[in-house]
Amino acid sequence: MKNQHLKQSVLTAGVIAGAAFFGGGWQEAHADTVNNSTAQITTTNPNAATSTTDAQCAVASAQAAVSQARQNVNSASAAVVAASAAVNSATAVQSSAVSAASVAQSNYAITSAVAQSQMPSSAEQAAALNGSTIDIKNANLSMFDNSSSDASANVKNQIGEVNVTENWHFNQATQKYEMDPSLKDALTVVPTLDDESMTLDPTKLTQAQQSEISDYVAALINQIRAKFGLTAWIYNDMTLAQALAIVNYAYNSQNWNTNVTRDHNRELVFKTVNYQYGEGIDSVKADWENIGLMSANEKQPNVISRIVKTMGDLKRVATVSIWDMLFNDAHSQNSHARMLLSTNTEYVGVAMDNYGVLHIYGLIPSALQKVNETQTALANANKDVETQKNRLSKAEKELNDAVDALNKAQDALEKANLLMAIEAVAKDTTQTSSSQSTGSSTKTSNSKSNKQSSLKDVTVKATSEPTKVSQAKHGDSQLLSTSNAITTAEPSIFEQLLPQTGNRNGLGMTILGMLMGMLSFGFLGLRKRRY
């Protein structure tokens, strides 16, 4: 409806301005008609005299909106540029992370292959065990999935053991600690003659003794894993060096006697430590730790030295500790068993500390640590790229919204300029008609010159941006009211302004038709600007 009124108002203004410009003598002959028409406009819209000021306020407000919209577009454009740069930067980091992860994985594959080649053969592992075994009968991995307090009891029921409470007890008759009789059917330990004749102190093992007990326990664990259908863990002299490095760092150097503390040194055991292997120095980290307690209780922390005198004794005690971790672990919710039967570990290290306590580690060598680190960095880089892309997408949407808002503001400014031009024409026509009524003796040529000048001023007003009016915030309502008033007055004005008689009638009609077409094209043919 607004657009219809707007077009009608432009048409009316065109007719009036055309009559003023080309009417010359015709308008002089019809001065009364012009005066009556302008009087009708003024009567219909009493505020016509001040409406131009309102129109200027609307234009100023529209100009301010356009200015703000342009600022928003500039700001949104800058945000898009910044977000795009952030995406490029994150993508570059991602590319580097992919490369680093690939290199780390390749290096680890090489070191893993070397470690695998140094692992004892199946024959060597069998020789280290010398027939030693843990009878797991019909046990399966699902037995260890239940972490409830009765889990170990369920396991023991399945393997035929029902009354295992302690692995060692003090025999009053012999005044010695002895293995619980109920373990005999589940354990078979066949030490060699050399084992029985090799005396030792479990708190002061030599490097060779450390190596032998380490190989024995690792081979025993791999034997058990094989019965569950699991892959064997890698162990060799290097994993022994790694396990000893962790034990020395977290226990021996800290005077940490687990027989007394009854716990892991959690603060230090999972830190990366250096170790020396061959002629080089490398690093390792523990992924998990199982501890075999050799003492029955903390009141007799040195009992291990009283019951273990030979390598044969040490192997039997170590076998009982492994059995205990598998089938007598209710107090730990079968966590020890789940570690020994884990599928996440590739390396195992075994070492004794200075207090006769057995430590078993799932190991993360430096090459594997690098793989883990680079994989974590790559995951973070991937996440960052997605985050930056989302921010860019958001910035681009905000830019599009800002451009749309600018286009709408520019459309509103064009409309305000057009309405101001219409009201200026109407006001100018009213003033011209009044002047002609009081000064009818003025020559025709001067009158025509004045009308040309007046129309030129109106054209300038309609095509250039008006001076901004401070603190003026008027909407479309009053401007539309003026336009509606002009539209209401149009029929009678149009009828009165049309030439009535004589040869000049045809000329007047022709001129008026041309003028209407020109002004309609000029005002209504404005093209919508786009940013």
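Treat the numbers as computed from the prediction; the structure is a model and nothing was measured.

J.: Help me out: how do you make sense of the overall build of the protein chain in this one?
T.: Helices and strands together make up the secondary structure of the protein chain, namely 18 helices and eight strands. Taken across its 531 residues, the protein chain has 46% of its residues classed as buried. Summed over all atoms, the accessible surface of the protein chain reaches about 26600 Å², with 51% contributed by carbon and sulfur.

J.: Would you take a moment to explain the confidence of the model for the protein chain for this structure?
T.: Detail in the predicted coordinates should be disregarded across regions flagged by low pLDDT. Residues with a pLDDT of 70 or more make up 63% of the protein chain, whose mean pLDDT is 76. Confidence over residues 1–50 falls short of pLDDT 50; this stretch has 99 contacts with residues more than four positions distant or in other chains. Within the model, pLDDT remains below 50 along residues 458–531, and this stretch shows 128 contacts once partners closer than five positions in the same chain are excluded.

J.: I tried to follow the pairing of strand S6 (residues 280–292) on my own but got confused; where do I start?
T.: Looking along a regular strand, one sees the side chains alternate between the two faces of the sheet. As paired elements, strand S5 (residues 273–277) and S6 share five bridges and run antiparallel to each other. Bridging from a neighbouring strand, Tyr277 pairs with Gly280 of S6. When S6 meets strand S8 (residues 358–365), the two strands line up antiparallel, connected through eight bridges. Its bridge partner lying in S8, Glu289 is registered against Tyr361.

J.: Sorry if this is basic, but what is going on with the environment of Ile221 here?
T.: Tracing the backbone shows Ile221 in helix H8 (residues 207–227). In this structure, the C-alpha to C-alpha distance between Ile221 and Val348, residues 127 residues apart in sequence, is 9.4 Å. The contacts of Ile221, once residues within four sequence positions are left out, are Trp233, Ile322, Leu340 and Ile360.

J.: What is the right way to read the environment of Glu386 from this model?
T.: Along the chain, the position of Glu386 falls in helix H15 (residues 366–438). Separated by 299 residues in sequence, Glu386 and Val87 place their C-alpha atoms 8.5 Å apart.

J.: I would appreciate a short explanation of the sheet that holds strand S7 (residues 347–352) in the present structure.
T.: Each strand in a sheet pairs with its neighbour through backbone hydrogen bonds, running either in the same direction (parallel) or in the opposite one (antiparallel). What the four strands build is an open sheet, ordered S5-S6-S8-S7; its pairing is antiparallel. Looking at the sheet topology across the chains shown, the edges are occupied by S5 and S7. Direction aside, neighbouring strands of the sheet carry axes that sit 50 degrees apart on average. Each of S7 and S8 is contacted by H8, which is oriented at about 135 degrees to S7, the strand it contacts most.

J.: Could you clarify how one ought to interpret the packing of helix H5 (residues 122–129) against H8 in this entry?
T.: Taken N-terminus to C-terminus, the directions of H5 and H8 make an angle of 110 degrees; their axes are 9 Å apart at the nearest point. What the angle tells us is that H5 and H8 run roughly perpendicular. Between H5 and H8, the residues in contact are Gln125, Ala128 and Leu129 and Tyr216, Ala219, Leu220, Asn222 and Gln223, respectively. Considered class by class, the residues forming the contact of H5 with H8 number five nonpolar, three polar and no charged.

J.: Got a minute to help me understand unusual backbone geometry in this structure?
T.: Trans is the common state for peptide bonds, and a negative phi is the common state for residues other than glycine. Even without a glycine there, the phi angle at Asn255 is positive, about 55 degrees. Assignment of secondary structure puts Asn255 in the loop between helix H9 (237–250) and helix H10 (258–261). With phi around 60 degrees, Arg262 is a residue other than glycine that occupies positive phi space. By the element assignment, Arg262 lies in the loop between H10 and helix H11 (266–269).

J.: Got a minute to help me understand the nonpolar core in this structure?
T.: Across soluble globular proteins, nonpolar side chains have a tendency to be buried as a group. Of all hydrophobic cores here, the largest spans 78 residues; its most connected members are Ile134, Val217, Ile322, Ile360 and Tyr361. Among the elements that take part in this core, helix H13 (residues 311–327) stands out by supplying 10 residues, more than any other. Once residues lying within four places of it in the same chain are set aside, the contact partners of Ile322 are Ile134, Val217, Leu220, Ile221, Ile224, Leu340 and Ile360. Membership of the second largest hydrophobic core comes to 21 residues, among which are Ala55, Ala62, Ala69 and Ala409.

J.: Teacher, can you tell me more about the packing of aromatic side chains here?
T.: The way to describe two aromatic rings as a pair is by their centre distance and the angle between their planes. On inspection of all chains with the given rule, the structure shows three aromatic pairs. Both rings, one in Tyr251 and one in Trp256, keep their centres 6.5 Å apart while their planes meet at 85 degrees; by these two values the pair is edge-to-face. What makes Tyr251 buried here is its relative accessible area of 0%.

J.: When you look at H9 in this model, what are you seeing that I'm missing?
T.: Given 3.6 residues per helical turn, the α-helix brings residues three or four places apart onto the same face. Between its first and last C-alpha, H9 extends 20 Å over 14 residues, near the 20 Å set by a 1.5 Å rise per residue. With respect to burial, H9 is a largely interior element, 11 of its 14 residues being buried. For H9, the set of buried residues is Met238, Thr239, Leu240, Ala241, Gln242, Ala243, Leu244, Ala245, Ile246, Val247 and Ala250. If you check the start of H9, you find a side-chain oxygen 2.9 Å away from the backbone N of Met238, and it comes from Asn236.

J.: Explain the pairing of S7 to me, please; I cannot follow it from the model alone.
T.: Of all six residues making up S7, six are buried, and the element is well covered by its neighbours. Residues Tyr347, Gly349 and Ala351 line one face of S7 and the alternating positions Val348, Val350 and Met352 line the opposite face, and both faces are buried. Note that S7 and S8 share six bridges and pair antiparallel. Bridging from a neighbouring strand, Gly349 pairs with Tyr361 of S8. Taken together, S7 and the strand that follows it, S8, pair antiparallel across an intervening segment of five residues, in which Gly356 is found at a positive phi of about 75 degrees.

J.: What is the right way to look at the pattern of salt bridges in this model?
T.: Side chains that differ in charge, positive against negative, can pair when their charged atoms come close. This structure, assessed with the given rule, holds seven salt bridges. Where Glu212 meets Lys315, a salt bridge forms, and the shortest distance between an N and an O atom there is 3.3 Å. In this pair, Glu212 is assigned in helix H8 and Lys315 in helix H13, connecting sequence segments 103 residues apart. Here Glu212 falls in the partly exposed class, since its relative accessible area comes to 28%.

Cut-offs and rules
Residues numbered from 1 in each chain as written. Predicted model: local features only at pLDDT ≥ 70, side-chain atom pairs only at ≥ 80, totals over all residues. Heavy atoms only, no water. Helix = DSSP H or I, 4+ residues; strand = E, 2+ residues; numbered from the N terminus. Buried < 20%, exposed > 50% of the residue type's maximum accessible area, 1.4 Å probe, protein only. Areas by Shrake-Rupley, 256 points an atom, 1.4 Å probe, with all protein chains shown as cover. pLDDT = per-residue confidence, 0-100. Contact = heavy atoms within 4.5 Å. Pairing = 2+ DSSP bridges. Axes fitted to C-alpha atoms, helices over the stretch in contact; angles between N-to-C directions. Parallel < 35°, antiparallel > 145°, perpendicular 65-115°, else oblique. Nonpolar A, V, L, I, M, F, W, Y, C, P; charged D, E, K, R; others polar. Core = buried A, V, L, I, M, F, W, Y, C linked by side-chain atoms within 4.5 Å. Phe/Tyr/Trp six-rings, centres within 6.5 Å; stacked < 30°, edge-to-face > 60°. Expected span 1.5 Å × (residues − 1). Polar contact = N/O pair within 3.5 Å; in protein donor to acceptor, adjacent residues only side chain to side chain. Salt bridge = Lys/Arg side-chain N within 4 Å of Asp/Glu carboxyl O.

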